[in-house]
Amino acid sequence: MDNDESTAPRTQYHHGDLRAHLVETVRILVEEKGADGFSISEAARRAGVSSAAPYKHFSDRGEIVRAVALAGIDRMRDQMDEAAKTAKGDPLAPIMALGLCYANFARTEQGVFRLMFGLTKGHDEDPELQAHGDACFDVVKREVRAFLGDGPPDQEIERRSYMLHMFVHGHAFLEIDGKHDLDMSEGQEAMLMADIARRIMQD
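Computed from a predicted structure; not experimentally measured.

Remarks on the overall build of the chain
Phase 1 of the analysis: Within the chain one finds nine helices and zero strands.
Phase 2 of the analysis: Along the chain, helices (α) and strands (β) appear in the sequence α-α-α-α-α-α-α-α-α when read from the amino end.
Phase 3 of the analysis: Looking at the chain residue by residue over its 203 residues, the buried ones come to 40%.
Phase 4 of the analysis: Sequence-distant contacts in the chain: of pairs separated by 6 or more residues, those separated by 24 or more amount to 71%.
Phase 5 of the analysis: If you sum the accessible surface of the chain, you get close to 11,000 Å²; carbon and sulfur atoms cover 52% of it.

Now the structure itself:
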């Protein structure tokens, strides 16, 4: 028996949505070991189901990992949507909140975050993955348009939304990769997001 079988906690599965249970189990494994660090048989043991059970819902390992990525994109979209809608005060507050939410998601779900963007290398060949990603980006475009009003053309909304995403996405990866030495306390990161929001939205 290998170490994973003997030491990994086993979740006894009794009833309910087996597909969702497996996706959540694999999400935890992705966070612990990375997207390539486990097998479907290990995921089944961890979930407390037979080794054949995952194949009732997924054709192979790639399909269940993809399901974890899709769920992650949706979870990030929902969190961003909530953060923007509840932001108060400064007219730029919703856009600042989007950036903070995005970076926080990357920190708290590093494995899933890396997986999401690893799989999107072939997003043009995966319409479902493309649609989920577009829905997430639509939250950014919605808030950019709300700030700028109805005057600017769609191309300008796209341009500024992309600039915001480019900055925050780069920041998120630098954060989780430990590639900067800046003080990134909560207050400092909020100031950073406020600065970039002003530079991009008020030029």
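What to know about the packing of helix α2 (residues 18-33) against helix α3 (residues 40-47)
Packed helices, taken two at a time, are described by the angle their axes make and the gap between the axes.
Phase 1 of the analysis: Two numbers describe how α2 lies on α3: the axes approach to 9 Å, and their chain directions differ by 115°. Our classification of the angle between α2 and α3 gives roughly perpendicular. In the crossing of α2 with α3, the sense of the turn from one axis to the other is right-handed. Taking contact as the criterion, the partners of His-21, Leu-22, Thr-25, Val-26, Ile-28, Leu-29, Glu-32 and Lys-33 in α2 are, on α3, Glu-42, Ala-43, Arg-46 and Ala-47.

Focus on the state of the cysteines
Phase 1 of the analysis: One pass over the structure, following the stated rule, counts zero disulfides.
Phase 2 of the analysis: Free cysteine: Cys-101, not disulfide-bonded; nearest cysteine sulfur from Cys-136 at 8.7 Å.

Focus: helix α9 (residues 186-201)
Phase 1 of the analysis: Compared with an ideal rise of 1.5 Å per residue, which puts 16 residues at 22 Å, α9 spans 22 Å between its outermost C-alpha atoms and is within 8% of the ideal.
Phase 2 of the analysis: Inspection of α9 places Glu-189, Met-193, Ala-194, Ile-196, Ala-197, Ile-200 and Met-201 among the buried residues, and these make up the whole buried set.
Phase 3 of the analysis: For α9, the secondary structure elements touched by its buried residues are α5 (93-108), α7 (127-148) and α8 (154-176).

Comments concerning the environment of Leu-18
Phase 1 of the analysis: Mapped onto the secondary structure, Leu-18 falls in helix α2.
Phase 2 of the analysis: Exposure remark for Leu-18: the relative accessible area of 13% places this residue in the buried category.
Phase 3 of the analysis: A sequence separation of 29 residues divides Leu-18 from Ala-47, and the C-alpha atoms of the two residues are 9.3 Å apart.

A few points about the nonpolar core
Phase 1 of the analysis: Met-76, Met-80 and Phe-113 are the most contacted members of the largest nonpolar core, which has 55 residues in total.
Phase 2 of the analysis: Mapped onto this core, the elements with two or more residues apiece are α2, α3, α4 (61-86), α5, α6 (110-119), α7, α8 and α9.
Phase 3 of the analysis: Here this core takes eleven residues from α4, the largest share from any one element.
Phase 4 of the analysis: Each residue touching Phe-113, except ones within four places of it in the same chain, is listed here: Met-76, Tyr-102, Phe-105, Ala-106, His-169, Ala-172, Phe-173 and Ile-176.

Examining the side chain of His-132
Phase 1 of the analysis: Here His-132 lies in helix α7.
Phase 2 of the analysis: Of the polar contacts made by the side chain of His-132, one reaches the side chain of Asp-74; its length is 2.7 Å.
Phase 3 of the analysis: Beyond its immediate stretch of four places on either side in the chain, His-132 contacts Leu-70, Ile-73 and Asp-74.

Let's talk about the pattern of salt bridges
Phase 1 of the analysis: Throughout the structure, instances matching the rule amount to 20 salt bridges.
Phase 2 of the analysis: For Arg-77, the salt bridge identified is with Asp-78, shortest N-O distance 2.9 Å.
Phase 3 of the analysis: Residue class for Asp-78 comes out partly exposed when judged on its relative accessible area of 43%.
Phase 4 of the analysis: Here Asp-138 ties to Lys-141 by a salt bridge, and the two come within 3.5 Å at their closest N and O atoms. Of the two residues, Asp-138 and Lys-141 both sit in helix α7, three residues apart, roughly one turn of that helix.
Phase 5 of the analysis: On the basis of relative accessible area, Asp-138 is assigned to the partly exposed category, the value being 38%.
Phase 6 of the analysis: Within the structure, one salt-bridge network assembled from shared partners comprises Asp-81, Lys-85, Arg-142 and Glu-143.

Quick notes on the rules
Residues numbered from 1 in each chain as written. Predicted model: local features only at pLDDT ≥ 70, side-chain atom pairs only at ≥ 80, totals over all residues. Heavy atoms only, no water. Helix = DSSP H or I, 4+ residues; strand = E, 2+ residues; numbered from the N terminus. Buried < 20%, exposed > 50% of the residue type's maximum accessible area, 1.4 Å probe, protein only. Contact = heavy atoms within 4.5 Å. Areas by Shrake-Rupley, 256 points an atom, 1.4 Å probe, with all protein chains shown as cover. Axes fitted to C-alpha atoms, helices over the stretch in contact; angles between N-to-C directions. Parallel < 35°, antiparallel > 145°, perpendicular 65-115°, else oblique. Left-handed = near helix turned anticlockwise from the far one by under 90°. Disulfide = S-S within 2.5 Å. Expected span 1.5 Å × (residues − 1). Core = buried A, V, L, I, M, F, W, Y, C linked by side-chain atoms within 4.5 Å. Polar contact = N/O pair within 3.5 Å; in protein donor to acceptor, adjacent residues only side chain to side chain. Salt bridge = Lys/Arg side-chain N within 4 Å of Asp/Glu carboxyl O.

It is worth stressing that arrangement in space is one thing and function is another; only the former is reported here.
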